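# Examining the three-dimensional arrangement
The lines below spell out each chain.
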Amino acid sequence: MPVFVVEVMPKPEILDPQGKAVAGALSRLGHSEFSAVRMGKRFEVTVDGPITDATRARLEEIAREILSNQVIEDVVSITEVTA
Amino acid sequence: MRIGVITFPGSLDDRDALRAIRIAGAEPVSLWHGEHDLQGVDALVLPGGFSYGDYLRAGAIASHAPIMSEVIDAANKGMPVLGICNGFQMLAEARLVPGAHTRNDVQHFVRRDQHLLVENNSTAWTTQFSAGEEIIIPLKNADGRFIADADTITRIEDNGQVTFRYVGMNPNGSADDIAGVSNERGNVVGLMPHPEHAVEPGFGPDTATHMRSGLDGLRFFTSVIERVLA
């Protein structure tokens with residue numbers, strides 16, 4: 001079945017406290033060369049039926065309107081990965 | 001005068017809000033997220049909690065609940081709507097108020113009796129306050145950091161849509177110390193702290209004179225009663 005991967009990241013200018021905490025932990029563990037971490041979300045969306053341009057357009061809209069909040073996040077990629 | 005409180009799966013403070021409405025002198029009406037019926041109420045409260053587990057983003061799934069189409073319609077027609085904590089997050093996700101919320105800058109959940117400055121006392125929920133008055137109500141949240149882009153912040157500051165501001169300390173890193181905002185019309189107000197927990201002697205925040213005696217939250221509800229009955 002076709003699967004789409006949607007990746008959403010906090011906007012670059014928005015503080016990402018989760019990524020910051022992970023970066024702090026890496027530094028404390030001695031991995032200080034990895035100086036910054038930003039955390040986002042990955043959605044795997046399975047599609048029933050054939051993929052059409054309308055399917056892609058609807059998924060783009062869902063990614064923009066529901067999976068992300070455009071005030072604080074960007075949709076950085078939508079990729080088809082047939083399972 | 002009937003004020004509805006919508007219960008979502010994961011709402012926690014719906015019963016406190018219903019009780020606060022009764023104490024303020026109105027009739028509380030319990031509403032259910034899965035229905036398309038506001039039961040003829042005069043005003044609405046979206047309560048605190050962790051609706052739908054706050055999966056996706058805080059308030060995001062709740063903002064698409066069945067009853068929200070009626071809420072959005074009523075709000076756009078001028079019905080007073082108050083979003084408290086998770087309810088504020090829902091209002092922002094539904095774009096009934098500007099901005100959005102992210103995790104507290106301090107990372108962890110914060111619970112404290114919070115001092116607030118009343119910036120605008122002309123909204124449907126704040127007429128019983130004086131502009132510039134300082135009040136104390138409880139705050140408790142994990143995703144309370146109010147954010148908007150610079151143009152939006154300037155616009156809501158200029159429009160008087162910043163309703164409440166944190167005083168003394170900013171508990172979550174919110175832009176401009178903003179604790180609560182309204183829509184342009186002033187009928188829809190969202191705030192992160194909890195007025196419904198400061199309405200009854202013995203159960204509110206501490207004040208300068210007596211423990212647990214803070215009742216500043218009551219005036220949110222008496223304000224809307226005054227507004228609707230006017």
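None of the values given here were measured: they were computed from a predicted structure.

The next point concerns the interface of chain A and chain B. If you look at the interface, chain A gives 15 residues, while chain B gives 16 residues. Summed over both partners, the interface of chain A with chain B comes to about 1,200 Å²; 60% of that surface belongs to carbon and sulfur atoms. At the boundary of chain A and chain B, one finds 2 salt bridges. For Glu65(A), the salt bridge identified is with Arg95(B), shortest N-O distance 3.2 Å. Here chain A and chain B share 6 residue pairs in polar contact (both at pLDDT 80 or more) between them. Looking at the side of chain A that touches chain B, the elements that each hand over two or more residues are helix H1 (17-28), strand S2 (41-46) and helix H2 (53-67) of chain A.

A full pass over the atoms with the stated rule returns 5 aromatic pairs over all chains. Grouped by ring-pair contacts, the aromatic residues Phe129(B), Phe164(B) and Phe220(B) constitute a single cluster.

Overall, the predicted model of chain B reaches an average pLDDT of 97, with 100% of residues at or above 70. The ipTM value of the predicted complex is 0.87, and its pTM value is 0.94.

For the rest of this paragraph, the subject is the nonpolar core. If you look at the biggest cluster of nonpolar residues, it comprises 67 residues, and the most contacted ones within it are Leu44(B), Val45(B), Leu82(B), Trp125(B), Phe220(B) and Phe221(B). For Leu82(B), the contacting residues outside a window of four places in its chain are Leu44(B), Val45(B), Leu46(B), Trp125(B), Val189(B), Leu191(B), Pro195(B), Phe220(B) and Phe221(B). Core analysis: the next-biggest nonpolar cluster, separate from the first, contains 8 residues, Phe4(A), Val8(A), Val47(A) and Leu67(A) among them.

About the cut-offs
- Residues numbered from 1 in each chain as written.
- Chains lettered and ligands numbered in written order.
- Predicted model: local features only at pLDDT ≥ 70, side-chain atom pairs only at ≥ 80, totals over all residues.
- Heavy atoms only, no water.
- Contact = heavy atoms within 4.5 Å.
- Buried area = accessible area lost by both parts, 1.4 Å probe.
- Salt bridge = Lys/Arg side-chain N within 4 Å of Asp/Glu carboxyl O.
- Polar contact = N/O pair within 3.5 Å; in protein donor to acceptor, adjacent residues only side chain to side chain.
- Helix = DSSP H or I, 4+ residues; strand = E, 2+ residues; numbered from the N terminus.
- Phe/Tyr/Trp six-rings, centres within 6.5 Å; stacked < 30°, edge-to-face > 60°.
- pLDDT = per-residue confidence, 0-100.
- Core = buried A, V, L, I, M, F, W, Y, C linked by side-chain atoms within 4.5 Å.
- Buried < 20%, exposed > 50% of the residue type's maximum accessible area, 1.4 Å probe, protein only.

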